[in-house]
Amino acid sequence: MDPHYDAQDVARCDLCEVAIVQSYCDFCHVNLCKPCIGEHISDDYTKHIIVPFQQRRSTPIYPKCKTHPKRACEYQCEDCNIFLCTDCFASNPHNKEHKLSKLEEIFHQKKGHIHRDKKELKEELLPVYEDIATEIINQIANLDFDYKIYTTQMSKHRDELHREIDNVMDQREKEIDENKLKHLSILTKHLEEVKQLQSLMQESLHNLNEMEESNEVTPTIHYSSKNQEFSKLPPKVIVSMPKFIPKPIEKEELCSLIGKLTPLSTTLEERVFTAKKPNTSVRELLDEPEVLNTIKTGHEVLLSVTCRNKEEIWMIGKTADIKCFNIQGVLQKTIKTKSGECPVDIAVYSDGALVYSDWWTVYKVKNDQTEEIIRLQGWRPFNLFVTSSGDLLVTMYSDDKTQSKVVRYSGSTVKQTIQFDDDGQPLYSRNGKIKYITENRNLDICVADFGAGAVVVVNQAGKLRFRYTGPPSSTKNKPFKPRGITTDSQSRILTSYWNNHCIHILDVNGQFLCYIDNCDLEYPTGLCVDNDDSLFVCEGLKENVRKIRYLK
């Protein structure tokens, strides 16, 4: 080939360098045209491997024998770890006790091993490392939220310390003022006594002036001096001033008073790679979903449903009763809200503990004991969901109904707040209308925002992934107003289309798949999916919870 045009030129025969290549010797690794094949194999046609050019290098390339350079090695001595050709046996037979293996068999075994390793690396190991990297990225993204917990706690403690210090200082200032008043009272009383004596002395001085100028004998004869009395001066009142004796500030004692922060610690937890089993659980959608069962709840208006297993299907309506049914529709237990008001939403922890929200508080019920776990000020909790990690997601809106957000709690501690996108714009509608929430299998956080007429999906770090506002084209005649949301084992998202009496099914990326609109649903609201991917649907203005099979 012309080196100046090798990018555009066709492959040429390596022997004549003119004709277009048509074949390839997989033994000598040369390009050949048809006329040159005979010349090439003339020395020993048995050793050459001629294949079509398109199949070049498709046969194994065996190592050349060091003793017989024109021969390819076909065997390996496992004891000596050397390659041997057939001539080696003929001229100098190898040790018969050594184990020989055919290179072709070893080659194909290794090829199979390489293929399996490549597949395992690509399909199993790399995804695990991607998951690990994503986990670390999410941890980094959540650092601000996690450490804000500590700064908030310290700020609160600082305010408490300042408040107590101010109270003590105010008390000391009050004591100073009281001492000042006492001091003033003592001095004022002493001053009055001195002024009274001054007044008597002025009066006596006036009388002496008159007597000195008078010539009357009698008053003068009867005069008696009072100077002796006045010469006895009043005692000097000495009041000892109070003293403020500040206590020396001992840094160690102060640090002990404030508290301490445990040092950052790092431990290594061993990760164990478990090969994924072939995914045989992919479940396709039914062409015609079917109602399997209907539970009569006794609630005239239904709000929400959640389930942990087939024997505990919890549901709420516009009463103070939180009811638990089994799959046959038999009432198992009833819990009354602590406030006596109807709950806003319910969720269930993996240990079976029930959690519910009212207008300002979130309560947890376990072993028939109710405890307050979250109390808000300036915000009202709305819908709840317990995540796969055991955290609690809470949608909430401000008292003035101008802001909405999602808050992640670990117990009673705030771990994450999701409110704005990367441009600082609100992710959710600002009014106080219903915002149902769930977590997908890929850890996305999905919110059915009734006020916005959208399903808003963010990733675990709170970054917006997509908004779904309805299918590209629709035969439904009313605006999309989602009222409930859940996800299944295939990471599909299901949301209730309240005013058009159906359920939307989306894929994990928000693409519309189909409706469930053949089950005579009326005003569907709360949704949940059990471990078998059975769908439970609240009919908002009826007392029914429908169990629907929608997967094959």
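Residues numbered from 1 in each chain as written. Predicted model: local features only at pLDDT ≥ 70, side-chain atom pairs only at ≥ 80, totals over all residues. Heavy atoms only, no water.

1. Describing the overall build of the chain
Okay, step 1: Check the secondary structure of the chain and you find 7 helices and 30 strands.
Okay, step 2: For a compact globule of 552 residues, the expected C-alpha radius of gyration is about 24 Å, and the chain comes in at 47 Å, more than 25% above that figure.
Okay, step 3: For the chain, the spread of C-alpha atoms along the three principal axes comes to 180 × 70 × 55 Å.
Okay, step 4: By residue count, 35% of the 552 residues in the chain fall in the buried class.
Okay, step 5: Sequence separation of 24 or more characterises 44% of the internal contacts of the chain that already satisfy a separation of 6 or more.
Okay, step 6: Summing over all exposed atoms, the chain offers an accessible surface of approximately 35,800 Å²; the carbon and sulfur share of this is 51%. (Helix = DSSP H or I, 4+ residues; strand = E, 2+ residues; numbered from the N terminus. Rg over C-alpha atoms; globule rule 2.2 N^0.38 Å. Buried < 20%, exposed > 50% of the residue type's maximum accessible area, 1.4 Å probe, protein only. Contact = heavy atoms within 4.5 Å. Areas by Shrake-Rupley, 256 points an atom, 1.4 Å probe, with all protein chains shown as cover.)

2. Some words on unusual backbone geometry
Okay, step 1: With a phi angle near 55°, N81 is a residue other than glycine that sits in the positive phi range.
Okay, step 2: In this structure, N81 sits in the loop between β4 (75-77) and β5 (82-84).
Okay, step 3: Overall, N81 belongs to the exposed group, its relative accessible area being 59%.
Okay, step 4: Positive phi values are uncommon outside glycine, yet H501 reaches one of about 60°.
Okay, step 5: Considering the arrangement of structural elements, one finds H501 in the loop between β25 (493-497) and β26 (502-506).

3. Examining the sheet that holds strand β12 (residues 345-348)
As a general point, the strands of a sheet are linked pairwise by backbone hydrogen bonds and lie either parallel or antiparallel.
Okay, step 1: Across the sheet, which stays open at both edges, the 4 strands sit in the order β12-β13-β14-β15 with antiparallel pairing between neighbours. With one partner strand each, in any of the chains shown, β12 and β15 (369-375) form the two edges of the open sheet. Taken pair by pair, the neighbouring strands of this sheet meet at an average axis angle of 25°, ignoring direction. (Pairing = 2+ DSSP bridges. Axes fitted to C-alpha atoms, helices over the stretch in contact; angles between N-to-C directions.)

4. Describing a nonpolar patch on the surface
Okay, step 1: Judged by side-chain polarity, I136, I140, L143, Y147, Y150, L261 and L264 come together as a nonpolar surface patch covering roughly 750 Å² of accessible area.
Okay, step 2: For the nonpolar patch, the secondary-structure elements that each account for two or more residues are α3 (103-141) and α4 (143-213).
Okay, step 3: Structurally, the position occupied by L261 is in the loop between α7 (251-258) and β7 (285-296). (Patch = residues over 30% accessible without salt bridge, like charges linked within 9 Å, V, L, I, M, F, W, Y side chains within 5 Å. Salt bridge = Lys/Arg side-chain N within 4 Å of Asp/Glu carboxyl O.)

5. What to know about the pairing of strand β8 (residues 302-309)
Okay, step 1: Taking burial as the measure, the 8 residues of β8 include 6 buried ones, the bulk of the element.
Okay, step 2: Bridging between β8 and strand β9 (residues 312-317) involves 6 bridges; their strand directions are antiparallel. Bridge pairing in β9 links N309 to E312.
Okay, step 3: Following β8, the chain reverses through 2 residues before pairing antiparallel with β9.

6. Regarding the pattern of salt bridges
Okay, step 1: Enumeration according to the criterion identifies 18 salt bridges in this entry.
Okay, step 2: K552 is the salt-bridge partner of E284, the closest N and O atoms lying 3.4 Å from each other. Here the residue E284 occupies a position in the loop between α7 and β7, and K552 occupies one in the segment after β30 (544-551), the gap between them amounting to 268 residues.
Okay, step 3: Residue D391 is joined to K415 by a salt bridge in which the shortest nitrogen-to-oxygen separation is 3.1 Å. Taken together, the residues D391 in the loop between β16 (379-386) and β17 (392-398) and K415 in strand β19 (residues 413-418) connect sequence positions 24 residues apart.
Okay, step 4: The class of D391 is buried, set by a relative accessible area of 6%.
Okay, step 5: The structure contains a network of salt bridges with shared partners spanning D391, R408 and K415.

7. Quick notes on the sheet that holds β19
Okay, step 1: Strand order in the open sheet made by the 4 strands is β16-β17-β18-β19, with antiparallel pairing throughout. Of all strands in the sheet, those bounded by a partner on one side alone are β16 and β19. Each adjacent strand pair in this sheet contributes to an overall mean axis angle of 30°, direction not counted.
Okay, step 2: When β16 meets β17, the two strands line up antiparallel, connected through 6 bridges. Looking at the pairing, R380 lines up with Y397 of β17.

8. Concerning the environment of E539
Okay, step 1: Turning to its location among the elements, E539 is positioned in strand β29 (residues 535-539).
Okay, step 2: With relative accessibility at 0%, the residue E539 sits in the buried group.
Okay, step 3: Separated by 236 residues in sequence, E539 and L303 place their C-alpha atoms 8.4 Å apart.
Okay, step 4: If sequence neighbours within four positions are ignored, E539 has contacts with L302, D520, L521, E522, Y523, N544 and R546.

9. Description of the nonpolar core
Okay, step 1: Of all hydrophobic cores here, the largest spans 20 residues; its most connected members are V455, V457, I485 and I493.
Okay, step 2: Of all the secondary-structure elements, those providing two or more residues to this core are β21 (445-449), β22 (454-458), β23 (464-468), β25 and β26.
Okay, step 3: If you look at the next biggest cluster of nonpolar residues, it comprises 16 residues, including Y349, I373, I374 and Y409. (Core = buried A, V, L, I, M, F, W, Y, C linked by side-chain atoms within 4.5 Å.)

10. Let's talk about α4
Okay, step 1: Compared with an ideal rise of 1.5 Å per residue, which puts 71 residues at 105 Å, α4 spans 102 Å between its outermost C-alpha atoms and is within 8% of the ideal.
Okay, step 2: Among the residues of α4, those classed as buried are I149, L161, H183, H190 and S204.
Okay, step 3: Its buried side turned inward, α4 meets α6 (227-230), α7 and β19. (Expected span 1.5 Å × (residues − 1).)

11. Concerning the packing of aromatic side chains
Okay, step 1: Scanning all chains against the criterion turns up 7 aromatic pairs.
Okay, step 2: Ring geometry for Y468 versus F480: centroids 5.4 Å apart, planes at 85°, classification edge-to-face. With Y468 in strand β23 and F480 in the loop between β23 and β24 (482-487), the pair connects residues that are 12 residues apart, well separated along the chain. In this pair, the class of Y468 matches that of F480, namely buried.
Okay, step 3: The rings of Y468, F480 and Y497 are connected pair by pair, giving a single aromatic cluster.
Okay, step 4: For the cation-ring pair, K481 lies above F450, with the distance from its terminal atom to the ring centre recorded as 5.7 Å. (Phe/Tyr/Trp six-rings, centres within 6.5 Å; stacked < 30°, edge-to-face > 60°. Lys NZ or Arg CZ within 6 Å of the ring centre and 35° of its normal.)

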